[in-house]
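The primary structure of each chain is shown beneath.
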Amino acid sequence: MLTAREPLSLAPAVAEVFETVKRRNPGELEFHRAVHEVLEIVAPVVERHPEYVEAKLLERICEPERQIIFRVPWTDDRGQVHVNRGYRVEFNSALGPYKGGLRFAPNVTASIVKFLGFEQVFKNALTGMPIGGGKGGADFDPKGRSDGEIMRFCQSFMTELHRHLGEHTDVPAGDAGVGERELGFLFGQYKRITNRYESGVLTGKGIAWGGSQVRPEATGYGTVYFVEEMLRMRDTSFDGRTVVVSGSGNVAVHAIEKAQQLGARVVACSDSSGFVHDADGIDVELLKEVKFVERARISAYAERRGSRATFVPEGCVWDVDCEIALPCATQNELDEEHARRLIERGLIAVGEGANMPCTAEAVKLFREAGVAFGPGKAANAGGVATSALEMQQNASRDSWTFEYTERRLLEIMRSIHATCYETAEEYGMPGDYLAGANIAGFVRVADAMLALGLI
Ligand code: GLU
């Protein structure tokens, strides 16, 4: 399944831009659809701003400032040579240095990196922090690789990428397949090649070497904070609610943790091999042990939980009933069928912890049914916002406490929620967070680009 967001007809002013994007990026369906969502929603905004049209802002915003594609050769533990393809798409630097994660996964393509980079531009703008947007990665599968293989891959990847980075130029972080271990190897190689201890060049670093408190928790916690705000607007909360979280990586685990702290019962989570149903509520400490310490599959969690939990191999976690759905795994994981069934079974809210995990058709159903829908660009912006806090700490050679950093994250998520909510009202679409997020993010980037001249 491809990334699918509403392939509706576009207003003539933006339809032409979309044709150009398709012509310039043939076959890149994930990227086309990410662009389509933004173009469709901002069309009425552009009509109100003739200066955007005159300055060809849409054309410029859809074209990355720079795209880097490179070879990554490395040797495995048996001495066998492998060749992967590395990417960094430096999409937009109107608001600050390019900022966005690196993803290592076998399905990484130019289309995936561009779609994620494009989303990142507007997400980062929504945080209100001085960060532009970019994304990168490689079609490298870290599953089953030893620490030594991972290190050699990261070193080879950074040997090329380092020349494009800098704390004021481009600041990567982690994403799927890239966590603290990988960032350590990447930072070590950057430091070695440049002979600079430039902490602010990467975020998501370990606490012992320039990282920030709360960065590992930030995306998951932030998603829950965003949903909490949506629920508050409806005079309700997480307390006593049944929640399903997909995935069991960094985002999912911390979403589970925060939802439970707020009184929810998280009854299921998943990985690519299937899902775990745990009616008493997931034991998050055990889950962390299995996923982060042992780096094992989720079935190991069910085995350790004994009769309380069931592992459903190949099963889909969205078959489990819930009132709040937090898709935190990957793009296009929750489709129309799942959405329809969840709505029938009493779903009230969705918060996208991953980037575009719900298909266009699913999103349409949620919006029509009046389910509170927090799109990824707003709901999962807590991760990158905390990366910006890490950059601030690095720039001032300071480190903040967990409590202070978490309070900053909470304030940022509340402010993103308020921005989306108010923008949707302003444009006559009350309660439509998808519209609010896209319009508010777009206007911030567009106004900065206009001010900076023809760039
Ligand atoms: N990869 C994360 C995202 O999708 C975090 C990016 C960052 O911290 O720079 O927003």
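Up top is the structure.
Residues numbered from 1 in each chain as written. Predicted model: local features only at pLDDT ≥ 70, side-chain atom pairs only at ≥ 80, totals over all residues. Heavy atoms only, no water.

**Some thoughts on the pattern of salt bridges**
The condition is simple: Any Lys or Arg side-chain nitrogen found within 4 Å of a carboxyl oxygen on Asp or Glu counts as a salt bridge.
Throughout the structure, instances matching the rule amount to 34 salt bridges. Overlapping salt bridges bring together Glu37, Glu119 and Lys377 as one network.

**Here we look at the nonpolar core**
Burial of nonpolar side chains together is a common tendency in soluble globular proteins. Keep this limit in mind: What makes a nonpolar core is a set of buried Ala, Val, Leu, Ile, Met, Phe, Trp, Tyr and Cys residues whose side-chain atoms join them at distances within 4.5 Å. Exposure categories follow from relative accessible area, calculated using a 1.4 Å probe and restricted to protein chains: below 20% of the type maximum is buried, above 50% is exposed, and the middle band is partly exposed. Helix and strand labels come from DSSP, where a helix needs a run of H or I of at least four residues and a strand needs a run of E of at least two; each type is numbered from the N terminus. Working rule for contacts: check all heavy atoms of both residues, and any pair within 4.5 Å makes them a contact.
Core analysis: the biggest nonpolar cluster contains 66 residues, and Leu39, Phe118, Phe366 and Phe442 have the highest contact counts within it. The dominant element in this core, judged by the number of residues it contributes, is helix 2 (residues 29–48), at ten residues. Beyond its immediate sequence surroundings of up to four residues, Leu39 is in contact with Leu10, Val14, Val17, Phe18, Leu58 and Cys62. Core analysis: the second largest hydrophobic core is formed by 59 residues, Leu126, Met129, Val253 and Leu286 among them.

**Description of the site of the ligand**
Selection rule: Here, proximity means that at least one heavy atom of the residue falls within 4 Å of the molecule or strand. Distance and chemistry together define a polar contact, namely a pair of N or O atoms within 3.5 Å, with one atom able to donate a hydrogen and the other to accept it when in protein, and with adjacent residues in sequence counting only for side-chain atoms on both sides. Accessibility throughout is a Shrake-Rupley quantity obtained with a 1.4 Å probe, and a residue counts as covered only by protein chains that appear here. For this classification, the nonpolar set comprises Ala, Val, Leu, Ile, Met, Phe, Trp, Tyr, Cys and Pro, the charged set comprises Asp, Glu, Lys and Arg, and every other residue, Gly included, is treated as polar.
Taken together, 14 residues surround the ligand, and among them Lys99, Lys123, Asp175, Arg215 and Ser387 come closest. Between the ligand and Lys123 there is a distance of 2.8 Å, counted from an oxygen atom to a side-chain nitrogen or oxygen. At 2.6 Å, a side-chain N or O of Ser387 approaches an oxygen atom of the ligand. For the ligand, the protein covers 95% of the area, taking 300 Å² as the surface of the free molecule. Elements with a minimum of two residues in the shell around the ligand: strand 3 (98–104), helix 5 (110–126) and helix 15 (382–395). Counted by class, the shell around the ligand contains two nonpolar, seven polar and five charged residues.

**Some remarks on helix 9 (residues 250–261)**
This is how the line gets drawn: The span one expects for a helix is its residue count, reduced by one, times 1.5 Å.
Taking 1.5 Å of rise per residue, twelve residues should cover 16 Å, and helix 9 covers 17 Å from first to last C-alpha, within 8% of that figure. The buried fraction of helix 9 amounts to nine of the twelve residues, a majority that puts the element mostly inside the structure. Listed as buried for helix 9 are Val251, Ala252, Val253, His254, Ala255, Ile256, Glu257, Lys258 and Ala259. Of the surrounding secondary structure, the elements contacted by the buried residues of helix 9 are helix 8 (215–233), strand 6 (242–246), strand 7 (265–271), helix 10 (284–293), strand 10 (324–327) and helix 16 (402–426). Positive phi appears at Gly263, one or two residues downstream of helix 9, with a value of about 95°.

**A few points about the sheet that holds strand 3**
In plain terms, the rule: Two strands are said to pair when DSSP picks up at least two bridges between them. Axis angles are defined between N-to-C directions and span 0 to 180 degrees, where every axis is a line fitted to C-alpha atoms and, for a helix, only to the segment in contact.
Pairing is mixed in the open sheet, where five strands are placed in the order 1-2-4-3-5. Each end of this open sheet is capped by a strand with a single partner; those strands are strand 1 (66–75) and strand 5 (170–173). Strand-to-strand twist of the sheet, defined as the mean angle between neighbouring strand axes without regard to direction, takes the value 20°. Across six bridges, strand 2 (residues 81–92) lies against strand 4 (residues 133–138) in antiparallel orientation. The partner of Glu90 across the bridge, within strand 4, is Gly134.

**Observations regarding the pairing of strand 7**
How we decide: Consider the strands pointing away from the viewer: the crossover is right-handed when the path from the first strand over the helix to the second runs clockwise.
With six of its seven residues buried, strand 7 lies for the most part within the structure. Alignment of strand 6 against strand 7, held across three bridges, turns out to be parallel. Considered in strand 7, the bridge of Thr242 is made with Arg265. Between strand 6 and its parallel partner strand 7, the chain crosses via helix 9, and the hand of that crossover is right-handed. By the bridge criterion, four bridges tie strand 7 to strand 8 (residues 274–278) in an arrangement that is antiparallel. When the bridges of strand 8 are listed, Ser270 appears paired with Phe275. Linkage of strand 7 to strand 8, two consecutive antiparallel strands, is achieved through a turn of two residues.

**Remarks on the state of the cysteines**
Short version of the rule: Note on terminology: disulfide denotes any pair of cysteine sulfur atoms within 2.5 Å.
Taken as a whole and assessed by the stated rule, the structure comprises zero disulfides. Cys62 carries a free sulfur, and the closest cysteine sulfur to it, the one in Cys420, is 20 Å from it. Its sulfur unpaired, Cys328 is 10 Å from the next cysteine sulfur, which belongs to Cys269.

**Side note on the environment of Glu198**
The topology assignment puts Glu198 in the loop between helix 7 (180–194) and helix 8. Of the residues examined, Glu198 reaches a relative accessible area of 6% and is grouped as buried.

**Details of the sheet that holds strand 10**
Across the sheet, which stays open at both edges, the seven strands sit in the order 9-8-7-6-10-11-12 with mixed pairing between neighbours. Strand pairing shows two members of the sheet lacking a second neighbour, strand 9 (309–313) and strand 12 (372–374), which therefore form its edges. On average, each strand axis in the sheet is tilted by 15° relative to the strand beside it, whichever way the strands run. Those strands touched by helix 11 (residues 298–305) are strand 7, strand 8 and strand 9, and its axis lies near 150° from that of strand 9.

**A look at unusual backbone geometry**
Not every positive phi belongs to a glycine, and Asp235 is a case in point at roughly 55°. For Asp235, a relative accessible area of 74% puts it in the exposed group. Phi is positive for Glu314, close to 65°, though the residue is something other than glycine. The topology assignment puts Glu314 in the loop between strand 9 and strand 10.

**Focus: the packing of aromatic side chains**
What counts is decided by this rule: Centres within 6.5 Å are what make two rings of Phe, Tyr or Trp a pair, Trp counting through its six-membered ring; a difference in plane orientation under 30 degrees is then read as stacked, over 60 as edge-to-face, and the rest as tilted. Placement of a charge over a ring requires the Lys NZ or Arg CZ to be within 6 Å of the ring centre, with the centre-to-atom vector within 35 degrees of the ring normal.
The final tally for this structure, using the stated rule, is 19 aromatic pairs. Judged by centre distance (5.2 Å) and plane angle (90°), the ring pair of Trp74 and Phe140 falls under edge-to-face. Residue Trp74 is found in strand 1, and its partner Phe140 is found in the loop between strand 4 and helix 6 (147–161); the two are separated by 66 residues along the sequence. Comparing Trp74 with Phe140, the two get one shared label, buried. Ring geometry for Phe187 and Trp209: centres 5.8 Å apart, planes at 20°, overall stacked. Linking Phe187 in helix 7 with Trp209 in the loop between helix 7 and helix 8, this pair joins segments that are 22 residues apart in sequence. Among the residues examined, Phe187 registers a relative accessible area of 4% and is labelled buried. Each residue in the set Phe70, Trp74, Phe104, Phe140, Phe153 and Phe157 is aromatic and connected to the rest through ring pairs, giving one cluster. Lying across the ring of Tyr221, Lys258 places its NZ or CZ 4.5 Å from the centre.

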